[in-house]
Amino acid sequence: MKVALSVVVFISSVLLFLDGASAGGCTPIYPECVCVTPASFNCSTFNQIYGKISALYVGMQRRSMREAGDFIGGTLRLAFHDAAEYVPGSVGGSRSDGCINLSDKDNTGLDRAIKTLDELWRPVCDQINRADFWYLAAKIAVETATPYISGPNQYGEKPALDNFHIPFYTGREDVPECVYNDTGRLPSASKGGTEVKRVLMKSLGLTDRQAVALMGGHAVGGLTPEDNGFVGAWSVRSDLFTTNYYKLLTYAKFLKKAQVDPHNNRQVFQWNVTANLAFLTTDIGMLYDLHSKQLPASCGPYSADSCPTLGSRYPDLAPFAAYVALFSRGDQGQDMPGAAFFLSEFARALNAISMVGYEAGELTCLACASPNCISCTQQEMCEGPQYGFYGSL
């Protein structure tokens, strides 16, 4: 009986491995792991992973807001960079595949995020591949760190939003190596708003409002000088996924500050609101024209500023400013309705870039209800929240 049982267990293990490795003939990153999430992955496993990552973030937040901010910021940045390395039509397009080219200086520091997430992924890597796990971790981190969905929150928002849910699809293929020789796949932090169009809109296919929403991922985490020369954070509460990023873009004054890029010892510039709050040229470049060699000493507030606007030079990018203003909207000192518009578009944008490079039908929506989405419809779970933001402004 024991021998028969062992045979059954062995056969089941082989079938599970084949289920997760047969599609496309991909190669697992580690021998014990699957390279494609098997069809047997279900909501029970989803809930286990969700609970573990959410609890990890909450525990970090109790110990240190900085630690929690670095975790969610690194997790979200990793998922974005995994997708944003994609170049349409290139050899080794590098779609979301659980692999980051760490030789690209724009990916500096992501080795820390990979190490942290691999420690969480390896125990379940026979059930879900790394590409899907990275994206799932980013989804969980954002949903857990968003204060607008479990209210009333510290902003006094009433009522909190119902059914905030970032869609989750499985079916991405892992690759063990992803080296490319060309540069500029990722947006440069030292260039203006045209970088947002080049990478987020042209390469990744986002709309202008989705591109502006995805930039709101900078609300969490911070800048590490050892990685790229920049220092500071975009928000006082870098552990919370809020619209403070857009409020500062709209109402703050930014002072140009020189830093040194550790990769080449060249001078780079960031834009400080305070000694600890700093934005990149790409951030404020959604509002201002920063494409000249001679940068202004300061810019902002946007409504009463002398800096040339991005829209004055690039009329097709003028809507960036309108969406920044929309996401920053708050009635009577609160964050609604801007937060609802932002979360709705961010969920769609993050889902969209994670699917770039895959054909229709290759990915499957896993309609599992996250804690705030118990009453979600199938459409909400597979397309994102519906807070009434459709059509043009």
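Right above here is the structure, for reference.
Calculation rules
- Residues numbered from 1 in each chain as written.
- Predicted model: local features only at pLDDT ≥ 70, side-chain atom pairs only at ≥ 80, totals over all residues.
- Heavy atoms only, no water.
- Helix = DSSP H or I, 4+ residues; strand = E, 2+ residues; numbered from the N terminus.
- Buried < 20%, exposed > 50% of the residue type's maximum accessible area, 1.4 Å probe, protein only.
- Contact = heavy atoms within 4.5 Å.
- Axes fitted to C-alpha atoms, helices over the stretch in contact; angles between N-to-C directions.
- Parallel < 35°, antiparallel > 145°, perpendicular 65-115°, else oblique.
- Phe/Tyr/Trp six-rings, centres within 6.5 Å; stacked < 30°, edge-to-face > 60°.
- Lys NZ or Arg CZ within 6 Å of the ring centre and 35° of its normal.
- Pairing = 2+ DSSP bridges.
- Core = buried A, V, L, I, M, F, W, Y, C linked by side-chain atoms within 4.5 Å.
- Expected span 1.5 Å × (residues − 1).
- Disulfide = S-S within 2.5 Å.

Caption draft 1: Looking closely at the overall build of the protein chain. Scanning the protein chain for helices and strands turns up 14 helices and 8 strands. The 393 residues of the protein chain split such that 54% are buried. Of the contacts formed within the protein chain by residues at least 6 apart in sequence, a portion of 69% connects residues at least 24 apart.

Caption draft 2: Layout of the packing of helix α3 (residues 65-84) against helix α4 (residues 110-121). Following both chains from N to C, one finds α3 and α4 inclined at 100°, their axes separated by 9 Å at the closest point. On the basis of their axis angle, the class for α3 and α4 is roughly perpendicular. Judged by residue contacts, Phe71, Gly74, Thr75, Arg77, Leu78 and His81 of α3 engage Leu110, Ala113, Ile114, Thr116 and Leu117 from α4.

Caption draft 3: Structural detail: unusual backbone geometry. For the peptide bond that leads from Gly300 to Pro301, omega is -5°, which places it in the cis range. By the element assignment, Pro301 lies in the loop between β7 (298-299) and α11 (310-313). The step from Met336 to Pro337 runs through a cis peptide bond, and the omega angle for that step is 10°. Among the secondary structure elements, Pro337 is positioned in the loop between α12 (319-327) and α13 (338-355). Despite not being glycine, Asn163 has its phi angle at roughly 60°, a positive value. When you line up the elements, Asn163 lands in the loop between α5 (130-145) and β1 (169-170). Assessed through its relative accessible area of 13%, Asn163 is described here as buried. One non-glycine residue with positive phi stands out, namely Asn265, at about 60°. Within the element layout of this structure, Asn265 appears in the loop between β4 (254-260) and β5 (267-272). Judged by its relative accessible area of 64%, Asn265 falls in the exposed class.

Caption draft 4: Inspection of the packing of aromatic side chains at higher detail. In total, this model carries 15 aromatic pairs according to the counting rule given. Note on Phe254 and Phe279: the rings are 5.1 Å apart at their centroids and 65° apart in plane angle, and the pair reads as edge-to-face. Linking Phe254 in strand β4 with Phe279 in strand β6 (residues 278-279), this pair joins segments that are 25 residues apart in sequence. The two residues Phe254 and Phe279 agree in class, both being buried. The structure contains a cluster of three or more aromatic residues connected by ring pairs, namely Phe241, Tyr245, Tyr246, Phe254, Phe279, Tyr323, Phe327, Phe342 and Phe346. Here Arg122 stacks its cationic end above the ring of Tyr30, 3.6 Å away from the centre of that ring. The aromatic ring of Tyr180 is capped on one face by Arg185, whose charged end is 4.0 Å from the ring centroid.

Caption draft 5: Main features of the sheet that holds β6. Strand order in the open sheet formed by 4 strands is β6-β5-β4-β7, with antiparallel pairing between adjacent strands. Only two strands of the sheet have a single partner each, and these edge strands are β6 and β7. Judged from the 2 bridges that link them, β5 and β6 form a sheet pairing that is antiparallel. The residue bridging Asn272 from the neighbouring strand is Ala278, located in β6.

Caption draft 6: Here's a closer look at the nonpolar core. Ranked by size, the top nonpolar core spans 105 residues in total, and within it Leu249 and Phe346 carry the most contacts. Counting residues in hydrophobic clusters, the runner-up holds 5 residues, among them Tyr169, Tyr358, Leu363 and Cys382.

Caption draft 7: A look at α3. Taking 1.5 Å of rise per residue, 20 residues should cover 28 Å, and α3 covers 28 Å from first to last C-alpha, within 8% of that figure. Within α3, 15 of the 20 residues are buried, which leaves the element mostly enclosed by the surrounding structure.

Caption draft 8: Highlighting the state of the cysteines. Taken as a whole and judged by the stated rule, the model has 7 disulfides. One disulfide bridge connects Cys99 with Cys178, the sulfur atoms lying 2.2 Å from each other. Measuring the twist about the S-S bond at about -90°, one finds the Cys99-Cys178 disulfide to be left-handed. Taken as a pair, Cys99 in the loop between α3 and α4 and Cys178 in the loop between β1 and α6 (194-203) lie far apart in primary sequence, 79 residues in all. What makes Cys99 buried here is its relative accessible area of 5%. With relative accessibility at 8%, the residue Cys178 sits in the buried group. Each disulfide pairs two cysteine sulfurs, and for Cys299 the partner residue is Cys307, the sulfurs being separated by 2.0 Å. One disulfide, between Cys299 and Cys307, carries an S-S torsion of -90° and so falls in the left-handed class.

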